[in-house]
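# Observations on the model geometry
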Amino acid sequence: MEQQVGSLVAECIERSGLNARQVAARAGVSASTVHRILNDQVSPSVVTLDNIATACGVGLSMSTAPLATPAAAAAARAILDDRYPADVATVIDRWAERLDTWTDGDPVQIIEEAARASGVLHRPEAVRFAGEATVGRLASAGDSSGQRWALSGAAGLELPAFDEAVPLITVLWCEDPDAIRPLLAGGALRAASAPHRSTVVVAAAEPDLFLGTFERDRVVYAAPIQIAIDAISVGGDAAARAREEIRTW
């Protein structure tokens, strides 16, 4: 999962040997500002972050990468699904505000933007497999791992039979991808050489992702909103089909 600014600043302060008030004074910002940053209540400017990092004795570097934030998909579910909890984390609330601003409340565009930002293929903890596997093999691995799990992406759109091959690209959400990795490795599945060459992506799900799951032919599937987000996120034929489907909602 991506690291929030607050936890990053907290690590810098801890390693500096200073307390938050001392760091604030050295950085030229108020102690209350540092407090709000630590609690992810504000989005600090790059200048403010650089001053805080320098005060802690570390350098600030920046890079770009595809967005892969679970909060974007969670925000879309919070907006569009009445079953989602009303009280959400600050980062989810912030993403909900972004999605609403970017889309003017259009449900189809909310799903599009959430898919673009949630980037399941690029999650740091994701386990990506290439090759062939049946839906039943994924379901059996999920059951054997002893944790909650749900299929999404292309499989969620097509709902194939238990013994049919999973379509590209299928997402297997679970609580701990490392517990499922050894259950799927081997046979016709191998580590994918690149994200877009994956057949199956096993990714860690936050608890609220399992709201609204449904079962068909011994297979658990994510809620339709999450399926659409993941299908568009992975691209290809799944994305095209998802776009056609959500326009009928």
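Okay, so let's go over this structure. (Residues numbered from 1 in each chain as written. Predicted model: local features only at pLDDT ≥ 70, side-chain atom pairs only at ≥ 80, totals over all residues. Heavy atoms only, no water.)

For the rest of this paragraph, the subject is the overall build of the protein. Summing up its helical and strand segments, the protein has 12 helices and 7 strands in all. When its C-alpha atoms are laid out on the principal axes, the protein stretches across 65 × 40 × 30 Å. Counting every position in the protein, which comprises 249 residues, the buried fraction comes to 47%. Sequence separation of 24 or more characterises 73% of the internal contacts of the protein that already satisfy a separation of 6 or more. For the protein, the exposed surface amounts to about 12300 Å²; the carbon and sulfur share of it is 49%. Side chains of the protein carry 21 positive and 32 negative charges; the gap between the two charge centres is 5 Å. (Helix = DSSP H or I, 4+ residues; strand = E, 2+ residues; numbered from the N terminus. Buried < 20%, exposed > 50% of the residue type's maximum accessible area, 1.4 Å probe, protein only. Contact = heavy atoms within 4.5 Å. Areas by Shrake-Rupley, 256 points an atom, 1.4 Å probe, with all protein chains shown as cover. Lys, Arg positive; Asp, Glu negative; His and termini not counted. Charge placed at Lys NZ, Arg CZ, Asp CG, Glu CD.)

On to the pattern of salt bridges. Any two side chains of opposite charge can pair, on the condition that their charged atoms come close. Applying the stated criterion across every chain yields a total of 8 salt bridges. One salt bridge in this structure joins Glu-113 and Arg-116, with 3.4 Å as the shortest N-O distance. Taken together, the residues Glu-113 and Arg-116, both in helix α7 (residues 107-118) and 3 residues apart, mark about one turn of the helix. Given the relative accessible area of 16%, Glu-113 is considered buried. (Salt bridge = Lys/Arg side-chain N within 4 Å of Asp/Glu carboxyl O.)

Let's shift gears to helix α1 (residues 5-16). Taking 1.5 Å as the rise per residue, α1 with 12 residues should run 16 Å; its terminal C-alpha atoms sit 17 Å apart, in good agreement. Turning to α1, its buried residues are Gly-6, Val-9, Cys-12 and Ile-13. One face of α1 carries all of its buried residues, which in axial projection span an arc of 125°. In α1, the exposed positions that point more than 90 degrees away from the buried face belong to Glu-14 and Arg-15. Residues of α1 that are buried make contact with α2 (20-27), α3 (31-38) and α4 (46-55). (Expected span 1.5 Å × (residues − 1). Arc of directions from axis to C-beta.)

If you look at the biggest cluster of nonpolar residues, it comprises 65 residues, and the most contacted ones within it are Leu-151, Leu-184 and Val-202. By residue number, the principal contributor to this core is helix α11 (residues 224-234), which donates 7 residues. (Core = buried A, V, L, I, M, F, W, Y, C linked by side-chain atoms within 4.5 Å.)

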